[in-house]
Amino acid sequence: MTGTRTVLVVNAGSSSLKYQVLDAVTGATAATGIVERIGGAAHLGHTHDGQTHEQDVIAGDHREALVAARSALREHGPDLDAVGLFAVGHRVVHGGPRFTEPVVIDDDVIDAIEELVPLAPLHNPANLEGIRSARKSFPGVPQVAVFDTAFHQTLPPEAFTYAVPAAWRDEHRVRRYGFHGTSHRFVSRRTAELLGKDPADCAVIVLHLGNGASACAVEAGRSIDTSMGLSPLEGLVMGTRSGDVDPALGAYLERVAGLDAAAYDEALNKASGLLGLAGIADLRELDARREAGDPDAALAFDVMVYRLRKYVGAYAVALGHVDAIAFTGGIGENSAGVRAAVLEGLGVLGVELDTDANSHGERERRVTTDGSRVAAWVVPTDEELEIARACLSVLGDERA
């Protein structure tokens, strides 16, 4: 790697720290790794030049996790001290209404991210730990925050505004924010390239489907609507999250079951979705049970797919026309069954599934026939590359 464009991408979770070293220009990845079970006895996995190295480490916090990661980089490559870093890019889940683009991190930015913790109490604190640790580890290297919510700041008021009291909206920043923005930005732009179109002339519906899932309507390279809202709970049926439910459900369960707000929130986020419907959150196991005739697994699959079709139909209307539907994320990229079930229900849009292409082929491929009015593609996401490119965009060439 040249060094002048080498970016370390850090994704700090509540009990993990993922990292990747890559060239922001070419996209070439030099190393990937993850430190899991942060809080004491942890585990590190590091991959470089096709070789994976695993070891137990002590990581009581994110700072120690990053120290362990740097040690693995020195030992197994690439040595960041020798290579020279252009920047460290950080995934930050919630940027609130303030952050519409990636920003160079300074003390004011850190304070602002901390102020947004009430909007993302499970994510922003961990993101901040990663930022603070990296600033100490790489004091002379620019740090850039890339926000999951930023891509959706182009939503028009009618799409992001909830019909709730003004005090909630004004004083407590209640609105639709959306998430997975880094993935939606990358995939929508790549889909336009595959269609041979300029993103400015393209309308794409992106379905980012994994344990967390969201849909996004992208017009002229801009997000105009997305399924996740104030939090990542709204929208599609996910592994453990319910997605859309009647807003009166919480009050009802408080009356009939004595469920308080914390327990209600916990249940919708961690005990619902596929897990709540079938007792299993993993789609592969769900598919096996469905094929064996399990009615709960069959219902869970049908509910998930029906919700997906509803959002695609709604976003087709919002966009006015659709050039392509893009499937990404672990489920979107790997589940031919989910793609087939969604696309076979979209005949009203002129979608024609190519069964063979859907079942076999390259990781990135078209899965509809040449005669389909709307093309559907499998487009693997690359959020780390998008974050690295954001660093390059923010910092420019002055450090070349």
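Criteria and cut-off values
- Residues numbered from 1 in each chain as written.
- Predicted model: local features only at pLDDT ≥ 70, side-chain atom pairs only at ≥ 80, totals over all residues.
- Heavy atoms only, no water.
- Helix = DSSP H or I, 4+ residues; strand = E, 2+ residues; numbered from the N terminus.
- Rg over C-alpha atoms; globule rule 2.2 N^0.38 Å.
- Buried < 20%, exposed > 50% of the residue type's maximum accessible area, 1.4 Å probe, protein only.
- Contact = heavy atoms within 4.5 Å.
- UniProt positions renumbered as here; feature names shortened; annotations may be inferred.
- Axes fitted to C-alpha atoms, helices over the stretch in contact; angles between N-to-C directions.
- Parallel < 35°, antiparallel > 145°, perpendicular 65-115°, else oblique.
- Nonpolar A, V, L, I, M, F, W, Y, C, P; charged D, E, K, R; others polar.
- Expected span 1.5 Å × (residues − 1).
- Left-handed = near helix turned anticlockwise from the far one by under 90°.
- Pairing = 2+ DSSP bridges.
- Patch = residues over 30% accessible without salt bridge, like charges linked within 9 Å, V, L, I, M, F, W, Y side chains within 5 Å.
- Areas by Shrake-Rupley, 256 points an atom, 1.4 Å probe, with all protein chains shown as cover.
- Salt bridge = Lys/Arg side-chain N within 4 Å of Asp/Glu carboxyl O.
- Lys, Arg positive; Asp, Glu negative; His and termini not counted.
- Charge placed at Lys NZ, Arg CZ, Asp CG, Glu CD.

> Now, about the overall build of the protein chain: what can you tell me, with residues and values included?
Helix and strand content of the protein chain: 16 helices and 14 strands. Compactness check: the protein chain gives a C-alpha radius of gyration of 21 Å against a globular reference of 21 Å for 400 residues, within 12% of the reference. Across the 400 residues in the protein chain, those meeting the buried criterion constitute 52%. Counted over contacts in the protein chain with a minimum sequence separation of 6, partners at least 24 positions apart contribute 61%.

> Go over the UniProt feature "binding site: substrate" (unreviewed entry) in the protein chain, please, and point to the residues and values.
Listed under "binding site: substrate" (unreviewed entry) in the UniProt record, and renumbered for this structure, are R91. Mapped onto the secondary structure, R91 falls in strand β6 (residues 87-92). Setting aside anything within four residues of it in sequence, one finds R91 in contact with V10, N11, N127, V146, D148 and I387.

> I'd like a rundown of the UniProt feature "binding site: Mg(2+)" (unreviewed entry) in the protein chain, residues and numbers included.
In the numbering adopted here, UniProt assigns the feature "binding site: Mg(2+)" (unreviewed entry) to N11 and E383. Taking the farthest pair of C-alpha atoms as the criterion, the annotated set spanning 373 residues converges on one region, since that pair is 10.2 Å apart. Structurally, N11 is set in strand β1 (residues 6-12). Look at N11 and you get buried, because its relative accessible area is 18%. The contacts of N11, once residues within four sequence positions are left out, are S16, L17, K18 and R91. Secondary-structure assignment places E383 in helix α16 (residues 383-395). Not counting the four nearest positions on each side in its chain, E383 is found in contact with T182, S183 and H208.

> So what's going on with the packing of helix α7 (residues 181-194) against α16? Residues and values would help.
Here α7 crosses α16 at 95°, and the two axes come no closer than 9 Å. One element, α7, and the other, α16, form an angle in the roughly perpendicular class. Contacts from T182, S183, R185, F186 and R189 in α7 reach E383, L385, E386, I387 and R389 in α16. The residue makeup of the contact of α7 with α16, split by class, is three nonpolar, two polar and five charged.

> Run through helix α4 (residues 124-137), naming residues and quoting values.
Here α4 is 14 residues long and its end C-alpha atoms lie 20 Å apart, about the 20 Å a rise of 1.5 Å per residue gives. Residues of α4 that are buried include every one of N124, A126, N127, L128, G130, I131, S133, A134 and S137, and no others. Lining the buried residues of α4 we find β1, α1 (62-76), β6, α3 (107-115) and β8 (143-147).

> Would you mind going over the packing of α3 against α4 in detail, with residue names and values included?
Orientation of α3 relative to α4, taken along the N-to-C sense of each, is 160°, at an axis distance of 10 Å. As far as their axial angle goes, α4 and α3 are roughly antiparallel. Between α3 and α4 lies a crossing whose hand is left-handed. Across the interface between the two elements, D107, I110, I113 and E114 from α3 touch N124, L128, I131, R132 and R135 from α4.

> Could you give an account of the pairing of strand β10 (residues 213-219), naming the residues involved and the relevant values?
Regular strands place side chains that alternate from one sheet face to the opposite one. By the criterion of burial, β10 is predominantly enclosed, with six of the seven residues buried. Sheet topology note: the strand β9 (residues 203-209)/β10 ladder contains seven bridges and is antiparallel. For H208, the partnering residue across the bridge sits in β10 and is S214. Adjacent in sequence and paired antiparallel, β10 and strand β11 (residues 222-226) are bridged by two residues, among which A220 carries a positive phi angle near 55°.

> Let's hear about the environment of G279: which residues, and what values?
As for its placement among the helices and strands, G279 is situated in the loop between α10 (273-278) and α11 (283-291). Once the C-alpha coordinates of G279 and A134 are considered, the two residues, 145 residues apart in sequence, prove to be 39 Å apart. Sequence-distant contacts of G279, defined by excluding residues within four places in its chain, comprise L274 and R289.

> Outline a negative patch on the surface, supporting the account with residue identities and numerical values.
A cluster of acidic residues, D106, D108, D111 and E115, forms a negative patch at the surface. Position of D108 among the secondary structure elements: in helix α3. Taking relative accessible area as the criterion, D108 reaches 52% and is therefore assigned exposed.

> Let's hear about the sheet that holds β10: which residues, and what values?
Reading across from one edge, β11-β10-β9-β12-β14-β13 is the order of the six strands in this open sheet, with mixed pairing throughout. Only two strands of the sheet have a single partner each, and these edge strands are β11 and β13 (365-366). Pairing between strand β12 (residues 324-328) and strand β14 (residues 375-378): four bridges, direction parallel. For A324, the partnering residue across the bridge sits in β14 and is A375. Across the sheet, α7 lies against β9, β10, β11, β12 and β14, angled at about 130° from β9, the strand it touches most.

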